[in-house]
Amino acid sequence: MTFPYLPIEDSISAPYWEGTRAEELRLQKCVACSKFQHYPRALCSHCGHTNLEWQKVSGQGIIDSWTEVMRAPQEGFEAPYIIARVRLAEGPIMLSRIDVSSSEVSCDQPVVLKWQHLSDGRALPLFVPVGG
Ligand SMILES: [Zn+2]
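Source: prediction; values computed, not measured.

### Notes on the overall build of the protein
Argument step 1. When you go through the protein residue by residue, the secondary structure sums to one helix and eight strands.
Argument step 2. In the protein, the succession of helices and strands from N to C terminus is α-β-β-β-β-β-β-β-β.
Argument step 3. Here the protein has a C-alpha radius of gyration of 15 Å; the compact-globule value for 132 residues is 14 Å, and the two agree.
Argument step 4. Its C-alpha atoms put the protein at 40 × 35 × 25 Å along the principal axes.
Argument step 5. Here the protein holds 132 residues, and 20% of them are scored as buried.
Argument step 6. Here the analysis covers contacts within the protein between residues at least 6 apart in sequence; of these, 49% occur between residues at least 24 apart.

### A look at the pairing of strand E5 (residues 81–88)
Argument step 1. Judged by which residues are buried, E5 turns out to be one-sided: Ile82, Ala84, Val86 and Leu88 face inward and are buried, whereas Tyr81, Ile83, Arg85 and Arg87, on the alternate face, are not.
Argument step 2. Summarising the sheet, strand E4 (residues 60–69) and E5 pair through eight bridges and their orientation is antiparallel. Counterpart to Gly61 in the pairing with E5 is Leu88.
Argument step 3. Note: E5 against strand E6 (residues 93–98), six bridges, orientation antiparallel. By the bridge assignment, Ile83 is partnered in E6 with Arg97.
Argument step 4. The hairpin formed by E5 and E6 contains four residues between the paired strands, and Gly91 there has a positive phi angle of roughly 120 degrees.

### As for the sheet that holds strand E3 (residues 52–56)
Argument step 1. One open sheet holds the three strands; their spatial order is E2-E1-E3, and the pairing between them is antiparallel. What marks the edges here is a single partner per strand, and that holds for strand E2 (36–37) and E3.
Argument step 2. Two strands pair when backbone bridges link them, and strand E1 (residues 26–30) and E3 are joined in this way by five bridges, in the antiparallel orientation. Across the sheet, Cys30 pairs through a bridge with Leu52, a residue of E3.

Cut-offs used in this document
- Residues numbered from 1 in each chain as written.
- Predicted model: local features only at pLDDT ≥ 70, side-chain atom pairs only at ≥ 80, totals over all residues.
- Helix = DSSP H or I, 4+ residues; strand = E, 2+ residues; numbered from the N terminus.
- Rg over C-alpha atoms; globule rule 2.2 N^0.38 Å.
- Buried ≥ 20, exposed ≤ 12 C-beta atoms within 10 Å, placed from the backbone.
- Contact = placed C-beta atoms within 7 Å.
- Pairing = 2+ DSSP bridges.

Structure representation (structure tokens):
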């Protein structure tokens, strides 16, 4: 599936997107409370601190909920496809596409990151079942 538009990049999310160019999933980690967060923000979503650093993370996670999208939300998307909440090994939850059919996906399933490349050199994270 090709992605029909380029996601918006701003000064806060720029390090995240730069990581995708190298196929590295980078998350913000709070220097004050040591918790990770996703999506990129100016403040820590746990304690409100503004001193955040970027760290490369494992790309491993567990599906904690999923749904099959049967109707494309706009021109350029190819339905059906699977969207899931993936609980990353580092803690944050990421909404992402799972690159399998609905008969191959389940809750509590371990998944690992792979990348869908965009036309400008960046990439979107998507996940596949471990060993799949
Ligand atoms: Zn914090």
